[in-house]
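One letter stands for each residue in the lines below.
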Amino acid sequence: MESGAAAAGPGGRRFPFPYTPYLIQERFMAALYGALEAGRVGIFESPTGTGKSLSLICGALSWLRDFEEKKQQEEARLLAPEDSGQEGKEKRLASAGPGHPESKGTAGEPDWVTAFVQKKEERDMVERLKEEQIKRKKREDRLEKIRHNVQLKYAAKRKRSEEDETKRLLQLSKEVLSEGAGVDVLEQLDHNEEELILGEYESDEEKKVVSGLEEDDDDLEEEHVTKIYYCSRTHSQLSQFVREVQKSPFGKDTRLVSLGSRQNLCVNEEVRRLGALQLINDRCMEMQKNKHEKKGDEELEGKKRRVSRTVCPFYSYEQMQFLRDEVLVEVKDIEQLVALGRETKACPYYGSRYAIPAAQLVVLPYQMLLHEPTRNAAGVKLKDQVVIIDEAHNLIDTITCIHSAEVSGSQLCCAHSQLLQYMERYRKRLKAKNLMYIKQILYLLERFVAMLGGNVNQNPSCQAVSQPGTVLKSINDFLFQSQIDNINLFKVQRYCEKSLISRKLFGFVERYGGLATAVKTNKENQKLAGLQNFLLTLQQGSDKDGTPQSPPVEAENDQLRTASPLMQIEGFLSALTNANQDGRVILNRQGTVGQSSLKFLLLNPAVHFAKVVEECRAVIIAGGTMQPVADFREQLLSCAGVDPARVVEFSCGHVIPPDNILPIILCSGPSNQQLEFTYQTRDLPQMMDETGRILCNVCNVVPGGVVCFFPSYEYEKQVYAHWEKTGLLTRLATKKKIFQEPKKANQVEQVLVEYAKCIKRCGQAGGQMTGALLLSVVGGKMSEGINFSDDLGRCVIMVGMPYPNIKSPELQEKMTWLDKTMPRAAGQAPSRVLIENLCMKAVNQSIGRAIRHQKDFASILLLDHRYARPATFNKLPQWIRERTQVKPAFGAAFAELRKFHRGKLDAL
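Small disclaimer: the values here were computed from a predicted structure and weren't measured.

Definitions and cut-offs
Residues numbered from 1 in each chain as written. Predicted model: local features only at pLDDT ≥ 70, side-chain atom pairs only at ≥ 80, totals over all residues. Heavy atoms only, no water. Helix = DSSP H or I, 4+ residues; strand = E, 2+ residues; numbered from the N terminus. Buried < 20%, exposed > 50% of the residue type's maximum accessible area, 1.4 Å probe, protein only. Contact = heavy atoms within 4.5 Å. Areas by Shrake-Rupley, 256 points an atom, 1.4 Å probe, with all protein chains shown as cover. Core = buried A, V, L, I, M, F, W, Y, C linked by side-chain atoms within 4.5 Å. Salt bridge = Lys/Arg side-chain N within 4 Å of Asp/Glu carboxyl O. Pairing = 2+ DSSP bridges. Axes fitted to C-alpha atoms, helices over the stretch in contact; angles between N-to-C directions. Disulfide = S-S within 2.5 Å. Expected span 1.5 Å × (residues − 1). Arc of directions from axis to C-beta. Parallel < 35°, antiparallel > 145°, perpendicular 65-115°, else oblique. Nonpolar A, V, L, I, M, F, W, Y, C, P; charged D, E, K, R; others polar. Phe/Tyr/Trp six-rings, centres within 6.5 Å; stacked < 30°, edge-to-face > 60°.

Q: I keep staring at the overall build of the protein and nothing clicks. Help me out?
A: Looking only at helices and strands, the protein has 36 helices and 18 strands in total. By the burial criterion, 52% of the 908 residues in the protein qualify as buried. Sequence separation of at least 24 residues holds for 81% of the intrachain contacts in the protein that already meet a minimum separation of 6. With the model as given, the accessible surface of the protein reaches about 42,600 Å², and the carbon-plus-sulfur share is 51%.

So this is what it looks like as structure tokens:
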């Protein structure tokens, strides 16, 4: 496959590279170039440590550079003086390539009509090409000027400082005047409360969304140039990629823009402090609205009841234009973009979006590319562009998660309580349309709680569920049974989005944070319980502001859970608008109504991926470990309607020498106990004892760090407790200090630091203690994204096969859906293949942690005889599979292990 894919690339092509590339990198780049040129959907696998990022950068940008050159040559030929006669012009028109209008069928038309149509098409195209050329020249001149003219660079900054000073003086004058007039402070507070009241809403208006651009500029009409969209899972991975681009031969002359969420890019401290993404989004949108309503407000200056509205000082079109040009002139990552935004007092979130049309490489997180509403809001246009999705081993799960949503009973009751009180407080000020939609949302919340077996007017924590358990329903069944099938959810969703109701509600609750009694309603106190409890949590949260001890991620989730239940519910309402066959609603009734939840589960991720592959010129799905690829082909590409002939696969080996890795499948332990960790046998004392004996032997001969993966946290705890009881843990601790993977994300870093320090200390001391043993969990924090290079991971052990829990209702529903919609593969039911693939994907991710660069070496032990079955064995990554030994007895395996590590120690 590898050599065939490489041969499909341009023969003998040289790719610019910062150093002499490995042979596998050259093959990778050639195969990538070929896939982009032919408009394919490629599945590319290149193990971590083989320079995958650089291969992607140099291969893809080489193609883009050549593509732009060809396009410009084509344009020059079409715009050449008319000296080649009509025949030549027709030839030029015919070879205009994709994206240009083609001649219409002229069967039966008179010759003069055909000639007229052709002439008009030709004239139109030439005109368009001329316009594009002028715009491109204008942009290039502008960027070149900024590149070489430092004075121009800081002129905008100086102008901004002058404007700030003028504003400050104006504000001081206003304050002096208002003091003289004796303005009532309490009245002013009342005016601020106006911001909480929903504006007039027209449900079916299709107004053009206000873009916030106040000046007419040619650049706004700028067409999107052909570009590459590169996306990865996390912002740290994206920043790493941008740094690789900076180091590459393309670093100086590539127009790159990094996109991120407002949470990552906002430089307005007042908005950043809100913490939760949804709150930041809503506050930002509200401030923009205020900016456009400001002119209208100024006309009311003389009137008594004037609303005071906050606008964002960073949302200045002129400054954002300057930021856009700065971004295009020099490659910057997210951190550098934010620093520039602070320095120039321009919004990096919008400034970077204005840079998209002219950019050649756009770097963005998964969510922004794979979620269509987010994609559209960010101004990302995929038509005829190239998309590269990196770290894509969990792409199917990612799409499923992005489009799934869950709300708890306590969130539903809390949102109902807040919204009811909001409506009663402002009933007289709200327009009829707003009241109608608020009543619809209240009804939806009431019915959702009823589906969980509760009453929305009672405390959810005090209502016991009569029939605990999990029930799955189709979307239509859920809508009928909850009696909401007569409500247009699309309209309710649009109302929530446009009216910013969840933001207004949050502001209302925030306002009465200290004085719950200020919300005067005639309802009995019991109904106020939800709001008062919520206010209490809010108050406690605000008291802790000075000492942020909890991790930001968890704090954000907590805030989102308590502060804005309606925001979570909006996501659930949106999910219910999916097609009936593509998802299920899970009713999870547990203990009390508050603990119960409603969850939307997406079964068919392909429906959301189809648009990406349809619109794009080419799509590359890349990762370090893509095996088994059948999932991508069948569940994602085939279901999304991709022609199998368009799909190309490329997989390459590793750069390490074959003798730097020793993978062993171990079928039995030191006391000849067969290793088979099924749900029935793994809890047996003799299985746990045998695992401990294997680890003791391994720790005696392996220097440095040993990482041992268990199928779950529960099993790791159980085994640890058993070893503690039998004294085996004490024996292990004489050779290696034992560390356990923590469940909490904020403790992982600390454990890793201690683990690394211990290994380094033992290596230098040279005593009886030879390093450390880290007990980890498959699918946990240590099995993805963390590198156990060199001494941190000289041996990786996998205990058993980490099959997912097939009793999970969600997984069972997915299995049923696959069996109904997918053909059987090689006599196996699709559900069985799914289980096997999920298990092996997790194994491959975990064991790939050890080898991270060319000179690294490690041994890998797979403890379960079932790994030797051909179907399972073939799902290991090719570079590991080729070097794997199957050992029926422990003695032979142990001898190999000792020989391998002794040989490496002698060579050092």
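Q: How do you make sense of the nonpolar core when you look at a structure like this?
A: If you look at the biggest cluster of nonpolar residues, it comprises 71 residues, and the most contacted ones within it are Ile389, Leu395 and Phe609. Aside from chain neighbours lying at most four places away, what touches Leu395 is Leu370, Ile389, Phe609, Ile621, Phe632 and Leu636. Formed by 53 residues, the second largest nonpolar core is a distinct cluster that contains Ile197, Cys413, Leu430 and Ile501.

Q: What is the right way to read the side chain of Asn578 from this model?
A: Residue placement: Asn578 occurs in the loop between α25 (565-575) and β8 (583-590). We classify Asn578 as buried; its relative accessible area is 17%. Setting aside residues no more than four positions away along its own chain, Asn578 makes contact with Ile475, Phe600, Leu602 and His608.

Q: Sorry, what's going on with the pattern of salt bridges here?
A: When the charged atoms of two side chains with opposite charge come close together, those side chains can pair. In this structure the tally under the stated criterion is 19 salt bridges. In this structure, the salt-bridge partner of Asp333 is Arg243, at a minimum N-O distance of 3.7 Å. Pair noted here: Asp333 is in the loop between α12 (317-329) and α13 (334-344) and Arg243 is in helix α8 (residues 235-247), with a separation of 90 residues, a long-range link. Residue class for Asp333 comes out buried when judged on its relative accessible area of 6%. Note that Arg693 and Glu690 form a salt bridge whose closest N and O atoms lie 2.7 Å from each other. In this pair, Arg693 and Glu690 both sit in helix α28 (residues 685-701), 3 residues apart, roughly one turn of the helix. Three or more residues joined by partner-sharing salt bridges are found here, namely Lys52, Asp390 and Glu391.

Q: Would you take a moment to explain unusual backbone geometry for this structure?
A: Where the residue is not glycine, phi is negative for most of them; where a peptide bond is considered, it is trans in most cases. In the Ramachandran plot, Asp384 falls in the positive-phi region, its phi being about 60° despite a non-glycine side chain. Among the structural elements, Asp384 can be located in the loop between α16 (372-377) and β5 (386-389). One non-glycine residue, Asn672, lies in the positive phi region at around 65°. Residue Asn672 is classed as exposed on the basis of its relative accessible area of 62%.

Q: Quick question: what am I supposed to make of the sheet that holds strand β13 (residues 704-710) here?
A: Across a sheet, paired strands are connected by hydrogen bonds in the backbone, their directions being either parallel or antiparallel. Strand order in the open sheet formed by 7 strands is β14-β15-β13-β16-β17-β12-β18, and the pairing between neighbours is parallel. Both edges of this open sheet fall to β14 (736-740) and β18 (885-887), since each of them pairs with a single strand only. Ignoring which end each strand starts from, the neighbouring axes of this sheet average 20° apart. Sheet analysis places β13 next to strand β15 (residues 771-777), joined by 7 bridges and oriented parallel. Note on β15: the bridge partner recorded for Gly704 is Gly771. Strands β13, β14 and β15 of the sheet are contacted by helix α31 (residues 745-765), whose axis makes an angle of about 155° with β15.

Q: Teacher, can you tell me more about the pairing of strand β9 (residues 592-602) here?
A: Counted residue by residue, β9 has 10 buried out of 11 residues, so it is predominantly covered. Sheet topology note: the strand β6 (residues 405-408)/β9 ladder contains 4 bridges and is antiparallel. Paired with Ala405 across the two strands is Phe600, which belongs to β9. Where β8 and β9 come together, 7 bridges link them in antiparallel fashion. By the bridge assignment, Gly583 is partnered in β9 with Leu602. The turn linking β8 back onto β9 is made up of 1 residue, and Gly591 within it adopts a positive phi angle of 50°.

Q: Help me understand the state of the cysteines, please; the structure alone is not making it clear to me.
A: Between two cysteines, a covalent bond joining their sulfur atoms is known as a disulfide. What the rule picks out here adds up to 0 disulfides. Left unpaired, Cys414 is separated from the closest cysteine sulfur, that of Cys413, by 8.7 Å. Note on Cys708: no disulfide assigned, nearest cysteine sulfur contributed by Cys795 at a separation of 8.7 Å. Taking the relative accessible area as the measure of exposure, Cys708 reaches 0% and is therefore buried.

Q: What am I meant to see in α31 here?
A: Relative to the 30 Å expected for 21 residues at 1.5 Å per residue, α31 spans 31 Å between its end C-alpha atoms, a close match to the ideal helical length. For α31, every residue scored as buried is listed here: Val748, Val751, Leu752, Tyr755, Cys758, Ile759 and Cys762. The buried residues of α31 all sit within an arc of 130° when viewed along its axis, so they share a single face. Opposite the buried face of α31, at more than 90 degrees from it, the exposed residues are Glu749, Lys760, Gln764 and Ala765. Buried residues in α31 make contact with β13, β14 and β15. A positive phi of about 65° marks Gly766, the residue just after α31.

Q: So what exactly am I meant to see when it comes to the packing of helix α29 (residues 713-726) against helix α30 (residues 728-735) here?
A: Two numbers describe a pair of packed helices, the interaxial angle and the distance between the axes. Contact geometry for α29 and α30: axes closest at 5 Å, N-to-C directions at 95°. It follows from the interaxial angle that α29 and α30 lie roughly perpendicular. Touching Tyr720, Trp723, Glu724 and Thr726 of α29 are Leu728, Leu729 and Leu732, all from α30. Taken together, the residues of the contact of α29 with α30 sort by class into 5 nonpolar, 1 polar and 1 charged.

Q: Can you walk me through helix α18 (residues 409-426) in this structure?
A: Every α-helical turn comprises 3.6 residues, leaving residues that sit three or four positions apart pointing alike. With 18 residues, α18 should cover 26 Å at 1.5 Å per step; its first-to-last C-alpha distance of 26 Å lies within 8% of that length. For α18, the tally of buried residues reaches 15 of 18 residues, placing the bulk of the element in the interior.

Q: Hey, could you run me through the sheet that holds strand β7 (residues 469-474) in this one?
A: Taken in spatial order, the 4 strands of this open sheet run β6-β9-β8-β7, and their pairing is antiparallel. If you trace the sheet from one side to the other, it starts and ends with β6 and β7, each paired once. Shown here is a sheet whose adjacent strand axes are inclined to one another by a mean of 15°, direction ignored. Across 6 bridges, β7 lies against β8 in antiparallel orientation. Bridged to Gly469 within β8 is Arg589. Of the strands in this sheet, β6 and β9 touch α18, which is tilted by about 70° from β6. The strands touched by α25 are β6, β8 and β9; relative to β6, the strand with the most contacts, the crossing angle is about 130°.

Q: Hey, could you run me through the packing of aromatic side chains in this one?
A: What characterises a pair of aromatic rings is the spacing of the ring centres plus the angle enclosed by the ring planes. Going through the model one piece at a time under the given rule, you end up with 22 aromatic pairs. Arranged with centres 6.1 Å apart and planes meeting at 65°, the rings of Phe15 and Tyr33 form a pair that is edge-to-face. You can see Phe15 sitting in the loop between α1 (2-8) and α2 (23-37) and its partner Tyr33 sitting in helix α2, a full 18 residues away along the chain. A relative accessible area of 12% places Phe15 in the buried class.

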